[in-house]
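Take a look at the letters that make up each chain.
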Amino acid sequence: MMQDHLFDTKVQLLKYKVLRSVAKHAFEGTLDSCYYDIPLEIVPGKEATMRCCIYKERAIVGERIKLAMGGHPENPNIIEVLDIACDECPVSSYMVSDACRGCIAHRCESVCPRGAITFDNHKAHIDDSKCIECGRCASVCPYSAISAHKRPCQIACKIKAIDMDENRKAVINNDKCISCGACAYQCPFGAITDKSFILDAIKLIQGSDGNKKYHVYAAVAPSISSQFSYATLGQVITGLKELGFHDVVEVALGADMVAYKEAEELKEKGFLTSSCCPAFVDYIDKYFPQLRQHVSHNLSPMGEIAKLIKNTDPDSKVVFIGPCTAKKMEIQKDALKPLVDCVLTFEELQALFGAKDLDLTTLEESELDNASYYGRIFARSGGLADAVAQALKEHNVSPEEFALKAISCDGIEACKVALLKASKNALPENFIEGMACIGGCIGGAGCLTHAAKDKTLVDKYGKEAKEKTITDAISVYHI
Amino acid sequence: MEIYVCIGSSCHLKGSYDIIQLMKEKIAECNLEDKVTLKATFCLGCCTDGVSIKVDDQIITGVSTENFDEIFKRYVLQEVEA
């Protein structure tokens, strides 16, 4: 298989190799005996290709294996820093480059509110201890000689949950972190990663004894339509069944249900935020507790679909497969615990396919069709709001009765702006669709690829749904 | 008696929602609400040309709107009356 083209980055490829190896040994029952061989399998040597020497590379792979096997239980966060993998990127944020000509104007010095800029040998120098990172010097320099150099993890973390310890290693502040995984996707050294529960998934599959003892369901998020683009969606579904899942069900059907209920709740309450994105809900919890009462009381689409599956098949097990690292936190909530048994990302699913040497491109196609267009477009920013608008129509709510004014917040920064306004009663809209990742779920940290065309793929998948309305799709909930 | 109609993807595409509707109507028409429970189920593992249903422990495949009346009579009515 063309492993090099499966992912956006080589960090993802490295993570994949570790996950695949752990999964392969787990499937074969050799994980205990081969545990110490995996670093050598992945870093055979003799030349180091990533770090100073092969021994450090192997040590880091060792840490990755721990994360692939569930991570450190004493750390409640599902996003972890691999200390020895953190390359201690330079901390000072504004730096003066060689482009500084030591001009006479010294605009940078004049504009600096803290007197952090001095001149040595006709060249500007920034005193880090005084700099407050306002960026004014950079904006006034006529030679563009001053620029920001922040750590990629800190740039990725829009809610400023990453600090540096005394050894300049990245540290995640768990009280602030919402587990969106942005830092994990952006760290160029792969030093931040999400804990993996592939072993739990494998145990569930193997324990079912070929789905004879109980059925194991794969509930796949609609963003799958933008993933595994080297094969067809139908082949991915067959691949899931080859892995040992009894059936594959669209989480988008749960999304249809959410849209239907959310429309009712919104009309009744008059103002609401969505509750689909666990990172967004966590953000409100931690940063805007005064707005908690306005978060929709609905389960997420994952919760809704798992509830339906367990209603129809009480002894079954449900594995959610999606783009999201924060879902791994969400299933620890009391309301979700009895419903969802395990969460995997698309990255991890690819590793399971790799572990079983499944070449999806050679497989027959299976069908996947449970939801409507509206449930399926939840995967992209704006989709949820469109679905709620449709659900209001299907509830026969006239615009005179209740007029929807939705704001679709694309990324956590946009969410912050809307929530700030809402907290001051200054938000003109009455419904906030909050998505922590840029682009919506298709921008999730657990995706294989994050491409611009993904939105079009989601809409195309939406249009292929058999059911054209939300009411038709969710009729199965009301038998 | 418990009747399960498969709502897995394959059966859904072949019209299981129509079969559910017909089941509901027919159960009401024959006044069997007290005797028959209608439920949905995901894949019954028999993806064929038509919709799969399960009546108690017996799986019946290839159900369509065309043969529905016949199937209902044979597997539901006759069994309930027996």
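Treat the numbers as computed from the prediction; the structure is a model and nothing was measured.

Draft legend 1. Structural detail: the overall build of chain B. Along chain B, the regular secondary structure elements total 3 helices and 4 strands. For chain B, the sequential pattern of α-helices and β-strands runs β-α-α-β-β-β-α. Taking 82 residues into account, the globule formula puts the C-alpha radius of gyration at 12 Å, and chain B, at 11 Å, falls close to it. Once the C-alpha set of chain B is aligned to its principal axes, its extents read approximately 30 × 25 × 20 Å. Burial analysis of chain B (82 residues in total) assigns 48% to the buried set. A separation threshold of at least 6 residues defines the contact pool for chain B, and within that pool the share at least 24 residues apart is 66%.

Draft legend 2. Representation of the domain arrangement of chain A in the model. The domain architecture assigned to chain A consists of domain 1 (3-87 + 166-195), domain 2 (93-149) and domain 3 (199-475). With centres defined by C-alpha atoms, the gap from domain 2 of chain A to domain 3 of chain A works out at 47 Å.

Draft legend 3. The arrangement of the packing of helix α11 (residues 251-269) of chain A against helix α17 (residues 383-394) of chain A in detail. Residue and element names in this part refer to chain A. Where α11 contacts α17, the axes come no closer than 8 Å and their chain directions differ by 70 degrees. Compared by their axis directions, α11 and α17 come out roughly perpendicular. On α17, the residues touching Ala259, Tyr260, Glu262, Ala263 and Leu266 of α11 are Leu384, Ala387, Val388, Ala391 and Leu392. For the contact of α11 with α17, the residue count by class is 9 nonpolar, no polar and 1 charged.

Draft legend 4. Looking closely at unusual backbone geometry. Residue and element names in this part refer to chain A. Of the consecutive residues Gly45 and Lys46, the connecting peptide bond is found in the cis state with omega at 0 degrees. Turning to its location among the elements, Lys46 is positioned in the loop between α3 (38-42) and α4 (54-68). Positive phi is not limited to glycine here, since Arg168 has a value of about 65 degrees. Structurally, the position occupied by Arg168 is in the loop between β6 (162-164) and β7 (170-172). Residue Arg168 is classed as partly exposed on the basis of its relative accessible area of 39%.

Draft legend 5. Just the interface of chain A and chain B, in detail. Taken together, the contact pairs 20 residues of chain A with 17 residues of chain B. Taken together, the two surfaces of chain A and chain B that pack against each other cover about 1600 Å², and 59% of this comes from carbon and sulfur. Its largest share of buried area at the contact with chain B, chain A owes to Thr312, Glu367 and Ile479 of chain A, together 35% of the area lost on that side. Our enumeration of links across chain A and chain B arrives at 7 residue pairs in polar contact (both at pLDDT 80 or more). Going through the elements one at a time, β10 (247-250), α13 (301-312) and α20 (470-473) of chain A are the ones with two or more residues in the side of chain A that touches chain B. Broken down by class, the residue content of the side of chain A that touches chain B amounts to 9 nonpolar, 5 polar and 6 charged.

Draft legend 6. Broad picture of a positive patch on the surface. Taken together, the side chains of Lys158, Lys160, Lys176 and Lys416 of chain A present a region of like positive charge at the surface. Here Lys416 of chain A is to be found in helix α18 (residues 412-423).

Draft legend 7. Looking closely at the sheet that holds β10 of chain A. Residue and element names in this part refer to chain A. If you walk across this open sheet you meet the 4 strands as β10-β9-β12-β13, and the pairing is parallel. Edge strands, defined here as strands with exactly one partner in the open sheet, are β10 and β13 (342-345). In this sheet, neighbouring strand axes are inclined to one another by 25 degrees on average, regardless of whether the strands run parallel or antiparallel. Note: strand β12 (residues 317-322) against β13, 4 bridges, orientation parallel. Bridge assignment links Phe320 to a residue of β13, and that residue is Val343. The strands touched by helix α15 (residues 346-355) are β12 and β13; relative to β13, the strand with the most contacts, the crossing angle is about 85 degrees.

Draft legend 8. Local environment of helix α2 (residues 16-29) of chain B. All names here are of chain B. Between the first and last C-alpha of α2 there are 20 Å, a value that for 14 residues agrees with the 20 Å anticipated at 1.5 Å per step. Ser16, Tyr17, Ile19, Ile20, Met23, Lys26 and Ile27 are the residues of α2 that are buried. Of the residues flanking the end of α2, it is Asn31, one or two places downstream, whose phi is positive at about 55 degrees.

Draft legend 9. Seen up close, the sheet that holds strand β2 (residues 37-41) of chain B. Residues and elements named next belong to chain B. Strand order in the open sheet made by the 4 strands is β2-β1-β3-β4, with mixed pairing throughout. The two strands at the open ends of the sheet, each matched to only one other strand, are β2 and β4 (58-63). In this sheet, adjacent strand axes meet at a mean angle of 25 degrees when their direction is disregarded. Pairing of strand β3 (residues 51-55) with β4 involves 4 bridges; the strand directions are antiparallel. Pairing of Val55 across the sheet is with Gln58, part of β4. Here helix α3 (residues 68-81) sits on the sheet and contacts β1 (2-6), β3 and β4; the angle it forms with β4, its principal contact strand, is near 170 degrees.

Draft legend 10. Summary view of the pattern of salt bridges. All names here are of chain A. A full pass over the atoms with the stated rule returns 28 salt bridges over all chains. The closest approach of N and O atoms between Asp87 and Arg51, which form a salt bridge, is 3.9 Å. Residue Asp87 is found in the loop between β1 (79-81) and β2 (94-96), and its partner Arg51 is found in the loop between α3 and α4; the two are separated by 36 residues along the sequence. Here Asp87 falls in the partly exposed class, since its relative accessible area comes to 38%. Taking the relative accessible area as the measure of exposure, Arg51 reaches 15% and is therefore buried. Here Asp341 and Lys310 are joined by a salt bridge, their closest N and O atoms 2.6 Å apart.

Draft legend 11. Highlighting the environment of Phe288 of chain A. All names here are of chain A. If you trace the backbone, Phe288 turns up in the loop between α12 (278-287) and α13. Here the alpha-carbon distance between Phe288 and Val236, two residues 52 residues apart in the chain, equals 40 Å. In contact with Phe288, not counting residues within four places along its chain, are Tyr283, Lys416, Leu419, Leu420 and Ser423.

Draft legend 12. Seen up close, the side chain of Asn211 of chain A. For Asn211 of chain A, the position within the fold is in the loop between α9 (198-207) and β9 (216-220). Within the local environment of Asn211 of chain A, its side chain forms a polar contact with the backbone oxygen of Gly244 of chain A, the two atoms lying 3.0 Å apart.

Draft legend 13. Inspection of the nonpolar core at higher detail. By size, the foremost hydrophobic cluster in this structure holds 116 residues, and its most contacted members are Leu253, Ile305, Val340 and Ile432 of chain A together with Met23 and Ile53 of chain B. Sort the elements by how many residues they give to this core and α11 of chain A lands first, with 10 residues. Each of two domains, domain 1 (3-87 + 166-195) and domain 3 (199-475) of chain A, supplies a minimum of three residues to this core. Leaving out residues up to four positions away in the same chain, Ile53 of chain B has contacts with Tyr4, Val5, Ile19, Met23, Leu44, Gln58, Ile59, Ile60, Val63 and Ile71 of chain B.

Parameters and conventions
- Residue numbers here run from 1 along each chain, matching the order of that chain's written sequence.
- Chains and ligands are labelled sequentially in the order written, the chains with letters from A and the ligands with numbers from 1.
- The model is predicted, so local features are restricted to residues of pLDDT at least 70 and side-chain atom pairs to those at 80 or more, both for listing and for counting; the totals for chains, interfaces and linings are taken over all residues.
- Excluded from the side-chain calculation are hydrogens and water; included are all heavy atoms of the structure.
- Secondary structure elements are taken from DSSP: a helix is a run of H or I of four residues or more, a strand is a run of E of two residues or more, and numbering for both begins at the N terminus.
- Every radius of gyration here is taken over C-alpha atoms, with the globule rule written as 2.2 Å times N^0.38, N being the number of residues.
- To sort residues, take the accessible area from a 1.4 Å probe on protein chains only and compare it with the maximum for the residue type: under 20% means buried, over 50% means exposed, and anything in between is partly exposed.
- Contacts are assigned to residue pairs that have any heavy atoms within 4.5 Å of one another.
- Segmentation of the chain into domains, including their bounds, is taken from an automatic or database domain assignment.
- Axes here mean lines fitted to C-alpha atoms, for a helix over just the part in contact, with angles spanning 0 to 180 degrees between N-to-C directions.
- Orientation is classified from the angle alone, with under 35 degrees giving roughly parallel, over 145 giving roughly antiparallel, 65 to 115 giving roughly perpendicular, and any other angle giving oblique.
- Basically, the charged four are Asp, Glu, Lys and Arg, the nonpolar ten are Ala, Val, Leu, Ile, Met, Phe, Trp, Tyr, Cys and Pro, and anything else, Gly included, counts as polar.
- Joining two parts hides part of their accessible area as seen by a 1.4 Å probe, and the buried area is that hidden amount summed over both.
- Here a polar contact means two N or O atoms within 3.5 Å. Within protein one must be a hydrogen donor candidate and the other an acceptor candidate, and residues neighboring in sequence count only if both atoms are side-chain atoms.
- Residues form patches when they are more than 30% accessible in relative terms and have no salt bridge. Like charges link within 9 Å. Nonpolar side chains (Val, Leu, Ile, Met, Phe, Trp, Tyr) link within 5 Å.
- Throughout, the Shrake-Rupley method with a 1.4 Å probe supplies accessible areas, and for residues the shown protein chains are the sole cover considered.
- Put simply, a salt bridge is a Lys or Arg side-chain nitrogen that is within 4 Å of an Asp or Glu carboxyl oxygen.
- In this tally Asp and Glu are treated as negative and Lys and Arg as positive; neither His nor the chain ends contributes.
- A charge is said to be at NZ when it belongs to Lys, at CZ for Arg, at CG for Asp and at CD for Glu.
- Two strands make a pair as long as DSSP finds a minimum of two bridges between them.
- Given a helix with a known number of residues, its expected span is that number minus one, times 1.5 Å.
- Take the buried Ala, Val, Leu, Ile, Met, Phe, Trp, Tyr and Cys residues and link them wherever side-chain atoms come within 4.5 Å; each set so joined is a nonpolar core.

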